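# Topology and contacts: notes
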Amino acid sequence: MELRHLRYFVAVAEAGSLTVAAEQRLHTSQPSLSRQIRDLESELGAQLLTRRARGIELTPAGRAFLDHARLVLSQVDAASEAARRVAHPSKPCFTMGFLTGHELKWMPEALRMLRDELPNVDVMVSSQYSPLLADGLSKGKIDVAFLRRERGVPELAYRVLVKEPLMVVLPSDHRLAALKAISPKDLVGETFVIVSNTAPVLRAVIDKYLKRSGIDITPAHEADHLAMGMSLIASTGGVGLLPAYAQNFLPSSVTSRPLKGDAPTVDLVLGYKKSNQSPILKLLLSRLDELVARASNKSR
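Residues numbered from 1 in each chain as written. Predicted model: local features only at pLDDT ≥ 70, side-chain atom pairs only at ≥ 80, totals over all residues. Heavy atoms only, no water.

### Description of the environment of Ala-22
Cut-off, in case you're wondering: Labels follow the DSSP assignment, with helices taken as runs of H or I lasting at least four residues and strands as runs of E lasting at least two, numbered in each case from the N terminus. Three exposure classes are used, based on accessible area relative to the maximum for each residue type with a 1.4 Å probe and protein chains only: buried under 20%, partly exposed in between, and exposed over 50%. In this analysis, two residues are considered to be in contact whenever any of their non-hydrogen atoms come within 4.5 Å of each other.
Take Ala-22: it is sitting in helix 2 (residues 18-26). With a relative accessible area of 0%, Ala-22 lands in the buried category. When the C-alpha atoms of Ala-22 and Val-72 are compared, they prove to be 21 Å apart, with 50 residues separating the residues in sequence. Discounting residues that sit within four places of it in the chain, Ala-22 has contacts with His-27, Thr-28, Ser-29, Gln-30 and Leu-33.

### Brief notes about the pattern of salt bridges
Side chains carrying opposite charge are able to pair once their charged atoms draw close together. The test is simple: Salt bridge, as used here: a side-chain nitrogen of Lys or Arg that lies within 4 Å of a carboxyl oxygen of Asp or Glu.
The full count for this structure, using the stated rule, is 16 salt bridges. Arg-203 serves as the salt-bridge partner of Asp-207, at 3.2 Å between the closest nitrogen and oxygen. On the criterion of helical spacing, the pair formed by Asp-207 and Arg-203 is a turn pair, its members being four residues apart in helix 7 (residues 200-212). On the basis of relative accessibility, which here comes to 35%, the residue Asp-207 falls in the partly exposed class. Residue classification places Arg-203 among the buried residues on the basis of a relative accessible area of 14%. When salt bridges with common partners are traced through the structure, they connect Glu-109, Arg-112, Arg-287, Glu-290 and Arg-294 into a single cluster.

### So, the side chain of Ser-183
For clarity, the cut-off: By the criterion applied in these results, polar contacts are pairs of N or O atoms within 3.5 Å in which, for protein atoms, one can donate a hydrogen and the other can accept it, and in which residues neighboring in sequence qualify only through two side-chain atoms.
Structurally, Ser-183 is set in the loop between strand 6 (156-171) and strand 7 (192-195). A polar contact is formed between the side chain of Ser-183 and the side chain of Asp-186, at a distance of 2.9 Å.

### Points about the packing of aromatic side chains
Here is the rule we go by: Within 6.5 Å between ring centres, the rings of Phe, Tyr and Trp (the latter by its six-membered ring) count as paired, and their orientation is classed by plane angle as stacked under 30 degrees, edge-to-face over 60, tilted in between.
Overall, the coordinates contain four aromatic pairs when judged by the stated rule. Centroid distance Phe-98 to Phe-146: 4.8 Å. Interplanar angle 10°. Geometry classified as stacked. Linking Phe-98 in strand 3 (residues 93-99) with Phe-146 in strand 5 (residues 144-147), this pair joins segments that are 48 residues apart in sequence. Both residues of the pair, Phe-98 and Phe-146, count as buried. An angle of 80° between the planes, with centres 6.4 Å apart, marks the rings of Tyr-245 and Phe-249 as edge-to-face. No difference in accessibility class separates Tyr-245 from Phe-249, as the two residues are buried. By way of ring pairs, the aromatic residues Phe-98, Trp-106 and Phe-146 are connected into one cluster.

### Observations concerning the packing of helix 2 against helix 3 (residues 30-44)
As a reminder of what qualifies: A fitted line through C-alpha atoms serves as each axis, taken over the contacting stretch for helices, and the angle formed by two N-to-C directions is quoted from 0 to 180°. Each angle receives one of four descriptions, namely roughly parallel if under 35 degrees, roughly antiparallel if over 145, roughly perpendicular if within 65 to 115, and oblique otherwise. Should the near helix be turned anticlockwise from the far one by less than a right angle, the crossing is termed left-handed; should it be turned clockwise, right-handed. Under the scheme applied, nonpolar residues are Ala, Val, Leu, Ile, Met, Phe, Trp, Tyr, Cys and Pro; charged residues are Asp, Glu, Lys and Arg; polar residues are all the others, including Gly.
Axis separation between helix 2 and helix 3 bottoms out at 9 Å; the angle between their running directions is 110°. With respect to each other, helix 2 and helix 3 are oriented roughly perpendicular. The element helix 2 and its partner helix 3 pack so that their crossing is right-handed. The segment helix 2 lies against helix 3, with Leu-18, Thr-19, Ala-21, Ala-22 and Leu-26 engaging Gln-30, Leu-33, Ser-34 and Ile-37. Residue composition of the contact of helix 2 with helix 3, by class: six nonpolar, three polar and no charged.

### Topic: the side chain of Thr-255
Within the secondary structure layout, Thr-255 lies in strand 10 (residues 254-258). There is a polar contact of 3.1 Å between the side chain of Thr-255 and the side chain of Arg-257.

### Regarding the environment of Ile-37
Mapping Ile-37 onto the fold places it in helix 3. Those residues in contact with Ile-37 that lie beyond four places of it in its chain are Tyr-8, Phe-9, Val-12, Leu-18, Leu-49 and Arg-51.

See the structure below:
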């Protein structure tokens, strides 16, 4: 699999047509583009799109693959830009950090909001675990970050963006998937996959929820990141609790259900160092309500 395969697939998905994508976006022939898509499907072992009379339609596998392909391409573009900026420094730099997986929703809106200032500043993007983002903010390596409210860093300030409800994530063929909503007691006796301490804030929210629900669960596996959690849930037939944004990355073998009753939430916040005097940071903070509204409308 090569990057061009991802670019071709994203172009077709966004254009809704092999012909339109080939002629207007990729400037190649339609038969050549079709062959590249077939090669990609063969490599993955899954059909990504269905040809219709009026264009193409993504399969469930195609919809799952699309978000990941976009994320990979955005990271490649960010890495390329970072290398060029280091090699040819010419403008002030503003670094934005994202808790991995939240770039898809928040990065485009933040950049769109700052577009009038972008000709005068280079924007760098960092995607990693929340504790590492907090450390980067504290050390002045990152100007602003979309992360959890980490403890032990009093020099940082936080502004709440959204409260993310926790969902039950489980195999699509699991018996509990037949339910519209799942209660805490339904989780007892199941193979339970929990996030590791790479996500201490989320881990604390889950532990507190299980305790107040009065159920005794000993996790069978710990996942360091989202992809690992999905893989463990799919391969072990287990269940886990993850924030709602994880639904954007579920493979076809894994699904999600809401929790019954008072579901726990985990805050996604905008963090920054209190002493940071960056004018770009001040602009972003002054338009934070607008940023939240834009991102909320996008997710509907």
